[in-house]
Amino acid sequence: MLKKTICFAFASLLGLSSAAAANYDNFRGVTLAALKPFARDLGGLLGSGTNQTARPLGFAGFDIGVRGVTQFNPSSGNSVLKKNNLFGLGFVQAEIGMPYRIDGFVRGGAFEGVAVAGGGLRYGLWNLSDEKYKINAMLVGMANMATHRYFNAVHFNTGLVISINVPVVSPFIGVAYDMTRFQVQGVNDISLAGKKVFVSAARYTAGMRVKIKLGYLAGGITYTHDRSLANASAGFRF
């Protein structure tokens, strides 16, 4: 039953990625006015979908799973991506528990020509507990690099995640701040070659995680730079 459930979750995430298909190659025709809106959308995708609980893994704990994040439509001014069209990214993420309530994680993926690699650290603000209705909280710091034939980006974020130990289904909320340094690689307008922009935005997330023995499914909604995103994840945690 567990295996079937996790397989279904993986299929759902793949379906989400397919529905969120975006032609990032359209960036070749980018204009100066579209650079910051595009960079802001990309930064929101890179920062979202990382956390679904604030409980640290504990020393030698392990978590491996897939993450999918989708934005419902591009920001105003982002003329690179089709208007009123879903777009997103997908990752594989591995985490390990370390002493002193610290978790480390790495993530990576490739989607429609955009390759992403990154990782970070989490710190539990107080001793971990599985007591019913116990509130856990942790600080998160993360960095990502994204590359495409026409652009690259370096993304940083810091945030706070809070979750509640509710049997089977556990809610979580989070607030974070994304910072993205974006650079044009090569486009039709040669005056933009090598152009750099910096964008930042606050990000707010709420969602639920369902535990299934050693596995889990999670989903959430994120709001950032006046746009909504959906997050989904599935994996094993022990």
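Residues numbered from 1 in each chain as written. Predicted model: local features only at pLDDT ≥ 70, side-chain atom pairs only at ≥ 80, totals over all residues. Heavy atoms only, no water.

(A) Representation of the overall build of the chain in the model. Along the chain, the regular secondary structure elements total two helices and 10 strands. Helices and strands appear in the chain in the N-to-C order α-α-β-β-β-β-β-β-β-β-β-β. A globule of 238 residues ought to have a C-alpha radius of gyration of about 18 Å, and the chain, at 18 Å, matches this closely. Taking all 238 residues of the chain together, 48% fall into the buried category. Taking contacts inside the chain between residues at least 6 apart in sequence as the whole, the part at least 24 apart equals 61%. The centroid of the 24 positive side-chain charges in the chain is displaced by 2 Å from the centroid of its 11 negative side-chain charges. (Helix = DSSP H or I, 4+ residues; strand = E, 2+ residues; numbered from the N terminus. Rg over C-alpha atoms; globule rule 2.2 N^0.38 Å. Buried < 20%, exposed > 50% of the residue type's maximum accessible area, 1.4 Å probe, protein only. Contact = heavy atoms within 4.5 Å. Lys, Arg positive; Asp, Glu negative; His and termini not counted. Charge placed at Lys NZ, Arg CZ, Asp CG, Glu CD.)

(B) Broad picture of the environment of Arg181. Secondary-structure assignment places Arg181 in strand S7 (residues 169-184). In sequence terms Arg181 and Leu192 are 11 residues apart; their C-alpha atoms lie 15 Å from each other. Setting aside its immediate chain neighbours within four residues, Arg181 contacts Asn152, Ala153, Val154, Val197 and Phe198.

(C) Here's a closer look at the environment of Leu35. Here Leu35 shows up in helix H2 (residues 32-47). Take Leu35: its relative accessible area is 0%, and that puts it in the buried class. The spacing of Leu35 and Leu125 is 90 residues in sequence and 38 Å in space, taken between C-alpha atoms. Beyond its immediate chain neighbours, meaning those up to four positions away, Leu35 contacts Phe27, Val30, Phe182, Val184, Leu192, Lys195 and Val197.

(D) Local environment of the packing of aromatic side chains. According to the stated counting rule, one finds eight aromatic pairs in the structure shown. Ring plane angle 80° and centroid distance 6.4 Å describe the contact between Tyr24 and Phe38, whose orientation is recorded as edge-to-face. With a gap of 14 residues between them, Tyr24 in the loop between helix H1 (2-19) and H2 and Phe38 in helix H2 connect regions that are remote in the sequence. An angle of 50° between the planes, with centres 6.0 Å apart, marks the rings of Phe62 and Phe238 as tilted. Separated by 176 residues along the polypeptide, Phe62 in strand S1 (residues 62-71) and Phe238 in the segment after strand S10 (227-237) bring together distant segments of the chain. Taken together, the ring pairs connect Tyr24, Phe27, Phe38, Phe151 and Phe182 into an aromatic cluster. Arg107 extends its terminal NZ or CZ atom over the ring of Phe91, reaching a point 4.0 Å from the ring centre. Taking NZ or CZ as reference, Arg122 lies 4.5 Å from the ring centre of Phe105, over its face. (Phe/Tyr/Trp six-rings, centres within 6.5 Å; stacked < 30°, edge-to-face > 60°. Lys NZ or Arg CZ within 6 Å of the ring centre and 35° of its normal.)

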